[in-house]
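Now for the letters of each chain:
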Amino acid sequence: IKVWDVASKKEVQSFRLQEGFSTDKPNFDPVVAISPDGKRLAAVPSVPVEEGSSFRTGGKLMMWNLEDGQEEWSLEDSELKTLAFSPDGSQLVGQMKHLQESGKDSKGRTRYRQELELVHFDAQTGTVKTRRPPLQKRTLDAMSFIGETGVLATLSSGGVALRDLEANETARRFEWHDDRHFYDAHAFSPDGKYLLRGGNDFLELSDLEQGTVIGLLTAEFPDTLWELAISRDLKKVACTVDHTPSV
């Protein structure tokens, strides 16, 4: 993982994921989260790992201090699909996926079913604080807390759900009903109030508190749009097209 200074366009830090994982593997899609104060980085490789006759995605969850570049803690075998820091940076929340045995098939082979849960970690130590079942049984693409609230915005193929974690209930849900149902990249704003989605010919900005699309830009990208990010002042967008970053 590399960190750049946007103004100078220079690489300032790099962090190595766990040994044994190669970024050349297909479907390599690391899960990364940066704390609200910009001082800590959490990441997990999330690459396919062969397990018997099936595959899972996983890797070591690692926390680094961005000020001195030192690893603070790590957790082995974390099948995390998404990560988000709480507004005060004290907690790390992620959706964890794991397989549970569900019986045998007609040939006597073990069958598995996918189980999802929302896990809260102590960001200082990596200790698991709580585990709870998700409010919807979908694999999440991304999540972010909205402002200083305890409301967690989650993004999946079905749309956006706002979840009140204290009440453990869905506060609001927005579904996709247009041609932009399929998107290649996405990003929450640092304050969690806006969502940017992008496809091969569009960028769309939504206000999550109002539940409305507030901006749509038609754009023809020369190749696959891999990643998006929004600056803290909401004035710049960074994207990666065909593995080439730009702002």
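From a predicted model like this one, the values you see are computed outputs, not experimental measurements. (Residues numbered from 1 in each chain as written. Predicted model: local features only at pLDDT ≥ 70, side-chain atom pairs only at ≥ 80, totals over all residues. Heavy atoms only, no water.)

Some thoughts on the overall build of the protein
Then step 1. Of the regular secondary structure elements, the protein holds 0 helices and 23 strands.
Then step 2. For the protein, the proportion of its 247 residues judged to be buried stands at 40%.
Then step 3. Taking the intrachain contacts of the protein between residues at least 6 apart in sequence as the baseline, contacts between residues at least 24 apart amount to 37%.
Then step 4. Per element, the accessible surface of the protein, about 14100 Å² overall, is 46% carbon and sulfur. (Helix = DSSP H or I, 4+ residues; strand = E, 2+ residues; numbered from the N terminus. Buried < 20%, exposed > 50% of the residue type's maximum accessible area, 1.4 Å probe, protein only. Contact = heavy atoms within 4.5 Å. Areas by Shrake-Rupley, 256 points an atom, 1.4 Å probe, with all protein chains shown as cover.)

A short note on the environment of serine 144
Then step 1. Looking at the secondary structure, you find serine 144 in strand E13 (residues 142-145).
Then step 2. Since its relative accessible area comes to 11%, serine 144 is described here as buried.
Then step 3. Between the C-alpha atoms of serine 144 and leucine 162, which are 18 residues apart in sequence, the distance is 9.6 Å.
Then step 4. Apart from the residues lying within four places of it in its own chain, the contact partners of serine 144 are Ala84, Val151, Leu152, Ala153, Phe188, Ser189 and Gly192.

Some details on the sheet that holds strand E21 (residues 225-230)
Then step 1. The 3 strands lie next to each other as E21-E22-E23, forming an open sheet whose pairing is antiparallel. Among the strands making up the open sheet, the edge pair consists of E21 and strand E23 (244-246). Strand after strand, the sheet turns through a mean of 15 degrees between neighbouring axes, direction not considered.
Then step 2. Pairing of E21 with strand E22 (residues 237-241), which is carried by 5 bridges, proceeds in the antiparallel orientation. The residue bridging glutamate 227 from the neighbouring strand is threonine 240, located in E22. (Pairing = 2+ DSSP bridges. Axes fitted to C-alpha atoms, helices over the stretch in contact; angles between N-to-C directions.)

Thoughts on the nonpolar core
Then step 1. Core analysis: the biggest nonpolar cluster contains 15 residues, and Leu61, Met63, Leu80, Leu83, Phe85, Leu92 and Phe121 have the highest contact counts within it.
Then step 2. Elements with a minimum of two residues in this core: strand E3 (31-34), strand E4 (40-44), strand E7 (61-65), strand E9 (80-85), strand E10 (91-104) and strand E11 (110-122).
Then step 3. Sorting elements by how many residues they give to this core places E9 first, with 3 residues.
Then step 4. If near-sequence neighbours (up to four positions away) are discounted, leucine 92 is found in contact with Ala42, Leu61, Met63, Trp73, Leu83, Ala84, Phe85, Val119, His120, Phe121 and Ala123.
Then step 5. Counting 13 residues, the second-largest nonpolar core is a separate cluster that includes Val151, Leu155, Phe202 and Leu208. (Core = buried A, V, L, I, M, F, W, Y, C linked by side-chain atoms within 4.5 Å.)

A short note on the confidence of the model for the protein
Then step 1. In this model, the protein carries an average pLDDT of 79, and 84% of its residues clear a pLDDT of 70 or more.
Then step 2. Contacts for the low-pLDDT stretch residues 51-55, under 50 throughout, to residues beyond four places or in other chains number 6 contacts. (pLDDT = per-residue confidence, 0-100.)

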